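# Descriptive structure summary
Residue-level listing of the chains:
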Amino acid sequence: MKEQLLNDVVFGMAARQFDRVADFLGLDQSVRERCKWPKRILTFSLPVRMDDGRTEVFFGYRVQHHLSRGPVKGGLRFHPKVNVGEVAALAMWMNWKCSLMNLPYGGGKGGITCDPRQLSIGEQERLTRRFAQEITPFIGPEVDVMAPDVGTTEQHMAWILDTYSTHQGRFVPEIITGKPIDLQGSEGRTQATGHGVAFLATRALNKLRLPVQGATAIVQGYGNVGSYAVETMNAYGMKVLGVSDISGAVWNEKGLNPDQLRQHVAENGGVAGFPGADPIDPDDMLLQPCDVLVPAALERVITKDNVGQLQCKILAEAANGPTTPEADAIIEERGDIFVLPDVLCNAGGVTVSYFEWVQNLQRFHWTKTEVLTKLETKLNEAFENLLTFCEQHQCDARLGALAMGVDNVARVKKTRGLFP
Ligand code: GLU
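Every residue gets a number counted from 1 within its own chain, in the order that chain's sequence is written. Totals for whole chains, interfaces and linings use all residues, but because this is a predicted model, local features are given only for residues with pLDDT of at least 70 and pairs of side-chain atoms are given and counted only at 80 or more. With hydrogens and water set aside, each side-chain value is computed from the structure's full complement of heavy atoms.

## Comments concerning the packing of helix H2 (residues 9-25) against helix H4 (residues 84-100)
Our working definition: What counts as an axis is a line fitted to C-alpha atoms, over the stretch in contact for a helix, and the angles between N-to-C directions run from 0 to 180 degrees. The numbering of helices and of strands both runs from the N terminus, where a helix is a DSSP run of H or I of at least 4 residues and a strand a run of E of at least 2. The hand of a helix crossing depends on one turn: near helix anticlockwise from the far one by less than a right angle means left-handed, and clockwise means right-handed. Pairs of residues are marked as contacts when any of their non-hydrogen atoms sit within 4.5 Å. Residues are grouped as follows: Ala, Val, Leu, Ile, Met, Phe, Trp, Tyr, Cys and Pro are nonpolar; Asp, Glu, Lys and Arg are charged; all remaining types, including Gly, are polar.
At a closest axis distance of 7 Å, the pairing of H2 and H4 adopts a crossing angle of 30°. Read as a crossing pair, H2 and H4 show a hand that is left-handed. Facing H2, whose interface residues are Val10, Phe11, Met13, Ala14, Ala15, Gln17 and Phe18, H4 presents Gly85, Glu86, Ala88, Ala89, Met92, Trp93 and Trp96. Taken together, the residues that form the contact of H2 with H4 break down as 11 nonpolar, 2 polar and 1 charged.

What follows is the structure, encoded as structure tokens:
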């Protein structure tokens, strides 16, 4: 299994990052080994009746990195490239993220290899419910709490909630987060990740003594994270020059209008063809000068091949794992890019998921202002702690953030001891 995981490029990347951190922290061999490998790797075959009468089997995965600090927490991804190695890497990153943010969770991630854009709503519902049915014995509000990720929305969460609750014979909102408000979802959860990215971008601008008003940004990815990052940065007075998604990329030197862009995407399915902007090559877009570059799509987009040409001052990693270790080393050498590492930058989502779970367990409902204020307080605290840590240890932000996350977990493992 170890070989199989390490052969996956994304897991290989997470493992290399972990090894670097473990060396830095001087973790002993036993704790290092226990922290590195996932506790449970679940694979499900999911037969689904398709609209044309055929039956198709999909494969779904859930990796629970570890349960030492509480239930595992993390999203469920629908994407054609999903595989067990990628899911295990994403679960490991969730682990360090929850720990860095001091949330009482381990990391988990799930995925189903499918292209949701090629599936009807009915097919998506049957696939999601079948997955929920198969995974029910292995999850629970104190075991594993899922949430949205790439390719899934609050509707998918509602189907999982319904399937699980039907099984239990009672309404169990605390089984999942990122669900609709009507089903006791949290105010502010939909925009939480993008809001957090924009908020941290302003904190980074402050640190660099750059004005927030008029600061420029480029955003790769216009899903739930990217779209709200665009809107929130705009609300802070920043100017978003370029946005890309699977349909293409659009550019306006004067700044894109976020409301019109959202409407265009709702009507046309992608950013391409947005009036009031020019088309631009999506790869070139990343290399344009700007204050804040926001990769908000998939892993491994900032690589050794393009990192040398980046012209941003801040790299705000809204996606998980957007920068390869080779690119990281070059960023460190360059010394002119302030990195907001993924485990901090996109932690707004899981932080409000935690708030949602807490509200559900208490049968309470907080206002949006309460949620977003608590979120900003928590992100700001983590940001300041990270800067202090990096200053004290003279390390880069990626190493610092991962080290803080891994160290908490390592201490818990050590204190709990090895059973038997
Ligand atoms: N999928 C999101 C992430 O990667 C959110 C996870 C959650 O809310 O549990 O952080």
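Moving on from the coordinates now.
## Regarding the site of the ligand
The following threshold applies: Residues are counted as near a molecule or strand when any one of their heavy atoms sits within 4 Å of it. Pairs of N or O atoms within 3.5 Å make up the polar contacts considered here, provided that, within protein, one atom can donate a hydrogen while the other can accept it, and that residues adjacent in sequence are counted only when both atoms are side-chain atoms. Note on areas: Shrake-Rupley with a 1.4 Å probe; residue coverage comes only from the protein chains shown.
If you check the shell around the ligand, you find 14 residues, and the closest are Lys73, Lys97, Lys109, Asp149 and Ser353. Within the side chain of Asn320, a nitrogen or oxygen atom sits 3.1 Å from an oxygen atom of the ligand. When the ligand is considered free in solution it has 300 Å² of accessible area, and contact with the protein chains removes 94% of it. Here the residues of the shell around the ligand are counted per class, giving 4 nonpolar, 5 polar and 5 charged.

## A closer look at the sheet that holds strand S4 (residues 106-113)
Convention followed: A pair of strands counts as paired when DSSP detects no fewer than two bridges linking them.
The strand order across the open sheet built from 5 strands is S1-S2-S4-S3-S5, with neighbouring strands paired in mixed fashion. Pairing within the sheet leaves two strands with one partner each, and these edge strands are strand S1 (40-49) and strand S5 (144-148). Pairwise comparison of adjacent strand axes, ignoring direction, gives a mean angle of 25° for this sheet. Two elements, strand S3 (residues 72-79) and S5, share 5 bridges in a ladder whose sense is parallel. Considered in S5, the bridge of Gly75 is made with Ala147.

## Side note on the packing of aromatic side chains
Using the following cut-off: Stacked, tilted and edge-to-face are the three classes assigned to paired rings of Phe, Tyr and Trp, where Trp is represented by its six-membered ring and a pair needs centres within 6.5 Å; plane angles under 30 degrees give stacked, over 60 edge-to-face, the rest tilted.
Per the counting criterion, the structure on display carries 11 aromatic pairs. On the basis of an interplanar angle of 55° and a centroid distance of 6.1 Å, the ring pair of Phe44 and Phe138 is categorised as tilted. Of this pair, Phe44 sits in strand S1 while Phe138 sits in the loop between helix H5 (121-135) and S5, and the two are 94 residues apart along the sequence. Relative to Trp357, the ring of Tyr354 lies with its centre 6.4 Å away and its plane at 40°, an arrangement referred to as tilted. Taken as a pair, Tyr354 and Trp357 lie in helix H13 (residues 347-362) at a separation of 3 residues, close to a single helical turn. Site record: aromatic cluster; members linked through ring pairs are Tyr105, Tyr354, Phe355, Trp357 and Trp366.

## Re the nonpolar core
Heads up, the condition is: We call a set of buried Ala, Val, Leu, Ile, Met, Phe, Trp, Tyr and Cys residues a nonpolar core when their side-chain atoms join them within 4.5 Å. For every residue, the accessible area (1.4 Å probe, protein chains only) is compared with the maximum for its type, and the residue is labelled buried under 20%, exposed over 50%, or partly exposed between those bounds.
Judged by nonpolar contacts, the single largest core of 94 residues is most densely connected at Trp96, Met233, Val243, Val292, Val294, Leu340 and Leu344. Per element, the largest residue contribution to this core is 12 residues, and it comes from H4. When residues no more than four places from it in sequence are discounted, the contact partners of Leu344 are Leu100, Met101, Leu200, Leu379, Ala382, Phe383 and Leu386. In terms of nonpolar packing, the next biggest core, distinct from the first, is built from 24 residues, Val48, Phe58, Leu127 and Ala132 among them.

## Considering the environment of Thr152
Structurally, the position occupied by Thr152 is in the loop between S5 and helix H6 (154-168). With 36 residues separating them in the primary sequence, Thr152 and Pro116 have C-alpha atoms 8.4 Å apart. The contact partners of Thr152, leaving out residues within four places of it in the chain, are Leu76, Arg77, Phe78 and Met157. There is a polar contact of 2.9 Å between the side chain of Thr152 and the backbone nitrogen of Asp149.

## Some points on the pattern of salt bridges
Put simply, the rule is: In the sections that follow, a salt bridge refers to a side-chain nitrogen of Lys or Arg positioned within 4 Å of a carboxyl oxygen of Asp or Glu.
Inspection of the entire model under this criterion finds 32 salt bridges. A salt bridge links Asp115 to Arg117; its shortest N-O distance comes to 3.6 Å. Here Asp115 falls in the buried class, since its relative accessible area comes to 19%. Note that Glu174 and Arg363 form a salt bridge whose closest N and O atoms lie 3.2 Å from each other. Of this pair, Glu174 sits in the loop between H6 and helix H7 (189-207) while Arg363 is found in the loop between H13 and helix H14 (368-393), placing the two residues 189 residues apart along the sequence. Judged by relative accessible area, Glu174 falls into the buried class, the value being 8%. Judged by relative accessible area, which is 49%, Arg363 ranks as partly exposed. Three or more residues joined by partner-sharing salt bridges are found here, namely Arg77, Glu86, Lys109, Asp149 and Glu299.

## Quick look at the environment of Gly237
Mapped onto the elements, Gly237 comes out in the loop between helix H8 (224-235) and strand S7 (239-245). Residue classification places Gly237 among the partly exposed positions, given a relative accessible area of 23%. Expressed as a C-alpha distance, the spacing of Gly237 and Val212, which sit 25 residues apart in the sequence, is 6.7 Å. When near neighbours in sequence (up to four residues on either side) are disregarded, Gly237 contacts Val212, Gln213, Gly214 and Ala215.

## What about unusual backbone geometry?
With an omega of 5°, the peptide bond between Phe419 and Pro420 qualifies as cis. Along the chain, Pro420 turns up in the segment after helix H15 (397-416). Of note in the backbone geometry, Arg363 takes a positive phi value of approximately 50° without being a glycine.

## Side note on the sheet that holds S7
Reading across the sheet, the 7 strands line up as S9-S8-S7-S6-S10-S11-S12 and stay open at both edges, with mixed pairing between neighbours. Of all strands in the sheet, those bounded by a partner on one side alone are strand S9 (278-279) and strand S12 (338-340). Strands in contact with H8 are strand S6 (216-220), S7 and strand S10 (290-295); relative to S6, the strand with the most contacts, it is inclined by about 170°.

## Describing the packing of H7 against H14
To keep it simple, the criterion reads: Roughly parallel refers to an angle under 35 degrees, roughly antiparallel to one over 145, roughly perpendicular to one between 65 and 115, and oblique to any angle outside these ranges.
The interhelical angle for the contact between H7 and H14, taken along N-to-C directions, is 45°, at an axis separation of 10 Å. It follows from the interaxial angle that H7 and H14 lie oblique. Classified by chirality, the crossing of H14 by H7 is right-handed. Contact residues: H7 offers Gln191, Ala192, His195, Gly196, Phe199, Leu200, Arg203, Ala204 and Lys207, while H14 offers Lys368, Leu372, Leu375, Glu376, Leu379, Asn380, Phe383, Glu384 and Leu387. Residue composition of the contact of H7 with H14, grouped by class: 9 nonpolar, 4 polar and 5 charged.

Just distances and angles here, no functional claims.
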